[in-house]
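Remarks on the overall topology
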Amino acid sequence: MKKILIAGLSVILVAATTFTAQSQQKVKVTVKTKVENRDDDGGWSNFGGNHVPGTWSAYIEDDRVNIMFTGEDWNTGRMFSLAELGTLPTGNEGTFKITRDAGTVTFKGLFAGGKGNGFYTFAEDAGFKSYLVQKGYSGLDKQLMLAVFFTDINKGYFEYLKANGYANVSNENFKDLAEQDLNRRVFADYFGLFKTESWGHPSLGKVIELREHGVNARFVNSFHEMGYKENIPLDKALELRDHGVSPRFITSIQKMGYEKITLDRAVDLRDHGVNPEYISSIREMGYKDITLEKAQELRDHGVNPEFIHTMQNMGYKGVTLDRAEELIDHGVNANFIKSITELGFKDLTLDKAQELVDHGVNAQFIKKMREKGVKVQTLDDYIRLRDTGFNE
């Protein structure tokens, strides 16, 4: 659906020019780059600011219509059934409406070639708003009521939740349900997931957390499809999503010649910054047989190709991965070596550089000794001075 998003953003600007002239409305359109990723249910959510009126763009796909709504500094997309929109204006500009318990969205614009764009307004339903107030919900501003509309929260929605064990919906949860587009279809997918994965009956707050983090049946099943047959615990599913572990990540690692890794190992690799790009960069330097354990160890010690390249460019050609790790652990880097060689010690070995660091001898110390008139010539002499407690 990326083409929908791209097309939608482009036609918004066209709509802002074309329909302003035709409808004599002055609507300031500001298209931000802050666009949320589309989720698996065909929707985006990025609420904030003034919501109506705004612009819309749409794309018809079979018997469904994907509509992107855009306001002054927000955007959100939803799928609607084509039947719910009624007769769409084609050829000439016209209007159509979507009416739900929460209110009515009136669209003005036109469709051509399966695509449409224009302006819209939202009018909340006062009767349904009063019903929500009677149920104890507050903060029902136009922003929230529009979210209630998008999620299609109605009286039957509450009965549906009650029938599935969620009789009490707090004010905070109600707002989250609306803003996270937790409609009945999404809930049905979750109920199926809870059963197949043996998750029992998670709290409503936990369901909302799963939704916020992008954990759904499609995400969990994607791991089963690649061979992880055992049930994935709820908290593990959240951990995988939060740590950026996806089937694509695991597959990319395994394609590099590593055998199947556990989900825990995948999380561990992600946490330590081990990815295909890092492994490839090390391999390209000639270290072909690097293991995942070694890659993780190198990451933990801060070893990267840049460090090794720098050492090699300074004339230290035979630096092994273990040696690079050791040098970094002892604080030996290009700047340190350069500061010593600039004082006249041209043939500095890595072993000697490490010894200097370990004994606290640096360029500043050597300069201070020279300023004081201390007559020593070799680096070993400076090490002995430091070891005897001689300081600046």
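Preceding this paragraph is the structure being described.
Report follows, based on the coordinates. This is a predicted model, so every value here is computed, not measured.

We now examine the pairing of strand 4 (residues 94–100). The two faces of strand 4 differ: G94, F96, I98 and R100 on one face are buried, but T95, K97 and T99 on the other face are not. Where strand 4 lies against strand 5 (residues 103–112), seven bridges are found, and the strand directions are antiparallel. Of the residues in strand 5, the one forming a bridge with R100 is G103. Where strand 4 hands over to strand 5, the hairpin turn is made up of two residues, counted between the paired strands.

When we look at a pair of aromatic rings, we describe it by the centre distance and by the angle of the planes. Under the definition given, this model contains 28 aromatic pairs. Relative to F96, the ring of W56 lies with its centre 5.6 Å away and its plane at 85 degrees, an arrangement referred to as edge-to-face. In this pair, W56 is assigned in strand 1 (residues 54–61) and F96 in strand 4, connecting sequence segments 40 residues apart. Residue F96 is classed as buried on the basis of its relative accessible area, which comes to 4%. Ring centres 5.9 Å apart and planes at 90 degrees place the aromatic pair Y157 and F158 in the edge-to-face group. Take F158: its relative accessible area is 9%, and that puts it in the buried class. Over the face of the ring belonging to Y131 we find K155, whose NZ or CZ atom lies 4.9 Å from the ring centre. Above the plane of the ring of F219 lies R241, whose end atom (NZ or CZ) is 4.1 Å from the centre.

With that settled, the discussion passes to the sheet that holds strand 2 (residues 64–70). The strand order 3-2-1-6-5-4 describes an open sheet built from six strands, whose pairing is antiparallel. At either margin of the open sheet sits one strand with a lone partner, and together these are strand 3 (75–81) and strand 4. For this sheet the average axis-to-axis angle between neighbouring strands, irrespective of direction, equals 30 degrees. Strand direction decides the pairing type here: strand 1 and strand 6 (residues 115–124), joined by six bridges, are antiparallel. Bridge pairing links G54 to Y120 in strand 6. The sheet strands contacting helix 4 (residues 142–151) are strand 2, strand 3, strand 4, strand 5 and strand 6, and the helix crosses strand 6 at an angle near 120 degrees.

Within the fold, Y316 resides in the loop between helix 15 (305–313) and helix 16 (321–329). Considering only alpha carbons, one finds Y316 and L350, 34 residues apart in sequence, at a separation of 7.9 Å. Beyond its immediate stretch of four places on either side in the chain, Y316 contacts M311, I337, L348, T349 and L350.

This part covers unusual backbone geometry. You will see that D152, though not glycine, has its phi angle at about 60 degrees, which is positive. The residue D152 is located in the loop between helix 4 and helix 5 (155–163) in this model.

Parameters and conventions
For every chain, the first residue of the written sequence is number 1, and numbering continues from 1 onward in sequence order. Only residues with pLDDT of at least 70 are given local features in this predicted model, and only at 80 or more are side-chain atom pairs given and counted; all residues enter the totals for whole chains, interfaces and linings. Excluding hydrogens and water, the side-chain values take into account all heavy atoms of the structure. Only protein chains enter the accessibility calculation, which uses a 1.4 Å probe. A residue is then buried if its area is under 20% of the maximum for its type, exposed if over 50%, and partly exposed in between. Helical segments are the DSSP runs of H or I of at least four residues, strand segments are the runs of E of at least two, and each set is numbered from the N terminus. In this scheme, strands are said to pair when DSSP sees at least two bridges between them. In this scheme Phe, Tyr and Trp rings, the latter by its six-membered ring, pair at centre separations within 6.5 Å, and the angle between planes marks the pair as stacked below 30 degrees, edge-to-face above 60, and tilted otherwise. Here, a charge over a ring is recorded when the distance from Lys NZ or Arg CZ to the ring centre is within 6 Å and its angle to the ring normal is within 35 degrees. Here the axes come from fitting lines to C-alpha atoms, over the contacting stretch only for helices, and the angles between their N-to-C directions go from 0 to 180 degrees. Working rule for contacts: check all heavy atoms of both residues, and any pair within 4.5 Å makes them a contact.

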